[in-house]
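Structural description and commentary
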Amino acid sequence: MTDDAPELRASDADRERVTEILRDALAEGRLDMEEFEERLEATYKARTYGELTPITRDLPAVAGSPAVPVSLNKSPAESGSWGSRIVGGEGSSSWAVAVMSGFQRKGRWTAPKRFNSLVFWGGGEIDLREANFADREIEINCVAIMGGMSVIVPPGVEVVMRGIGIMGGFDHREEGTPPDPAAPRVIVTGFAFWGGVQVEHKVTRAERQRLKEERRQEKLDRRSSRHELHAARHEWREDRRAEREDRREERARRRHGHH
């Protein structure tokens, strides 16, 4: 690992790479158990690259190779991945208000670190399914007075609800699957009076269509496989039937030849 950015925060993946190096060193006899435990504890406590660097400076990453504990040269984020959608900056929109009307934030936009919204006798929709994110953790503050607000997040995003409802409520429809560790975290705060704020996980229409097409293709593949299996069984039965006919004819020829 280089020392040109020791203040950068280390990720769980960086700590895991260091842990693997320590395990290899223990198995090869480069570290005794006491040293291994001390360095392992230091690894889990490390918060920056500068704190991780000394832990494996005297150890090879792989037996016989030069020491390269942690690399700061990150590979480019794959297009469409969570890494490519956390873009930094201020966000393309930071607030929305609807009084006896409605508002929408949807499509390709950048959600800021904090988004403030208010509806009074109206409704609002904040759709993050195609959005980029200014940070790994963003806050959406919702105030709904005699109105309603909907927050839609893509699957894999962790949602934390911290709103207060008086004659109203904050409702989060749980996804049912664990959050993706690479996905951003959305904190929903605010206040609902005679109104409500609802958060739900949904895929985009295009993704829903893609999944539908995948399921349709799988059905076709299964149907084709069943058809091929049926044809193979039919061919096997026909072969057995032909063999039986051949044996009967052979026995008949023998009987006639004997007489």
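Read on for a plain summary of the structure. Just so we're clear, the structure is a prediction, and the values are computed from it rather than from any experiment.

Some points on the pattern of salt bridges
In total, this model carries 13 salt bridges according to the counting rule given. Between E139 and R114 there is a salt bridge, with the nearest N and O atoms lying 2.5 Å from each other. Here E139 is found in strand β7 (residues 137–145), whereas its partner R114 is found in strand β4 (residues 114–120), with 25 residues between them in sequence. Overall, R114 belongs to the partly exposed group, its relative accessible area being 39%.

Notes on the packing of helix α1 (residues 12–27) against helix α2 (residues 33–45)
Where α1 contacts α2, the two axes come as close as 10 Å, and the packing angle between them is 180°. Judged on the interaxial angle alone, α2 and α1 are roughly antiparallel. Residues R15, V18, T19, L22, R23 and L26 of α1 touch α2, and the partners they reach there are M33, F36, R39, L40, T43 and Y44. Classifying every residue of the contact of α1 with α2 by side-chain character gives seven nonpolar, two polar and three charged.

Description of the pairing of β7
As a general feature of sheets, a regular strand has side chains that alternate between the two faces. Bridge count for β4 against β7 is seven bridges, and the pairing is parallel. The partner of V119 across the bridge, within β7, is A144. Note: β7 against strand β11 (residues 185–193), nine bridges, orientation parallel. Following the sheet pairing, I145 is matched in β11 by F193.

So, the nonpolar core
Of all hydrophobic cores here, the largest spans 28 residues; its most connected members are I126, L128, I140, V186 and V188. When residues of this core are assigned to their parent elements, the largest contribution, four residues, is made by β7. Beyond its immediate sequence surroundings of up to four residues, I140 is in contact with F115, I126, L128, V151, V186, I187, V188 and T189. In this structure, L22, A25, F36 and I55 belong to the second largest nonpolar core, which totals 12 residues.

Notes on the side chain of R15
With respect to the secondary-structure elements, R15 resides in helix α1. R15 gets classed as buried once you look at its relative accessible area, which sits at 13%. At 2.8 Å, the side chain of R15 forms a polar contact with the backbone oxygen of A46. With residues near it in sequence (within four places) discarded, R15 still touches A10, T43, Y44, A46, R47 and L52.

Describing the sheet that holds β4
Taken in spatial order, the five strands make up an open sheet running β1-β4-β7-β11-β9, and their pairing is parallel. In the strand order of this sheet, the two ends are held by β1 (95–99) and β9 (158–166), each with one partner. Strand-to-strand twist in this sheet, taken as the mean axis angle between neighbours without regard to direction, amounts to 10°.

Concerning the environment of I187
By the element assignment, I187 lies in strand β11. Sequence separation of I187 and N141 is 46 residues, and the distance between their C-alpha atoms is 8.3 Å. Not counting residues within four places of it along the chain, the set of residues in contact with I187 comprises E137, I138, E139, I140, V160 and R162.

Topic: α2
Over its 13 residues, α2 extends 18 Å from the first C-alpha to the last, a length consistent with the 18 Å expected when each residue adds 1.5 Å. What α2 keeps buried is the set F36, R39, L40 and T43. For α2, the angular spread of the buried residues around the axis is 105°, confining them to a single face. For α2, the exposed residues lying more than 90 degrees away from the buried face are E34 and K45. The inward-facing, buried residues of α2 abut α1 and α3 (49–52). Where α2 begins, one side-chain oxygen reaches toward the backbone nitrogen of E34, 3.2 Å away; that side chain belongs to D32.

Description of a negative patch on the surface
A cluster of acidic residues, D32, E34, E35, E37 and E38, forms a negative patch at the surface. Checked against the element boundaries, D32 lands in the loop between α1 and α2. Residue classification places D32 among the partly exposed positions, given a relative accessible area of 41%.

The rules behind the values
Residues numbered from 1 in each chain as written. Predicted model: local features only at pLDDT ≥ 70, side-chain atom pairs only at ≥ 80, totals over all residues. Heavy atoms only, no water. Salt bridge = Lys/Arg side-chain N within 4 Å of Asp/Glu carboxyl O. Helix = DSSP H or I, 4+ residues; strand = E, 2+ residues; numbered from the N terminus. Buried < 20%, exposed > 50% of the residue type's maximum accessible area, 1.4 Å probe, protein only. Axes fitted to C-alpha atoms, helices over the stretch in contact; angles between N-to-C directions. Parallel < 35°, antiparallel > 145°, perpendicular 65-115°, else oblique. Contact = heavy atoms within 4.5 Å. Nonpolar A, V, L, I, M, F, W, Y, C, P; charged D, E, K, R; others polar. Pairing = 2+ DSSP bridges. Core = buried A, V, L, I, M, F, W, Y, C linked by side-chain atoms within 4.5 Å. Polar contact = N/O pair within 3.5 Å; in protein donor to acceptor, adjacent residues only side chain to side chain. Expected span 1.5 Å × (residues − 1). Arc of directions from axis to C-beta. Patch = residues over 30% accessible without salt bridge, like charges linked within 9 Å, V, L, I, M, F, W, Y side chains within 5 Å. Areas by Shrake-Rupley, 256 points an atom, 1.4 Å probe, with all protein chains shown as cover. Lys, Arg positive; Asp, Glu negative; His and termini not counted. Charge placed at Lys NZ, Arg CZ, Asp CG, Glu CD.

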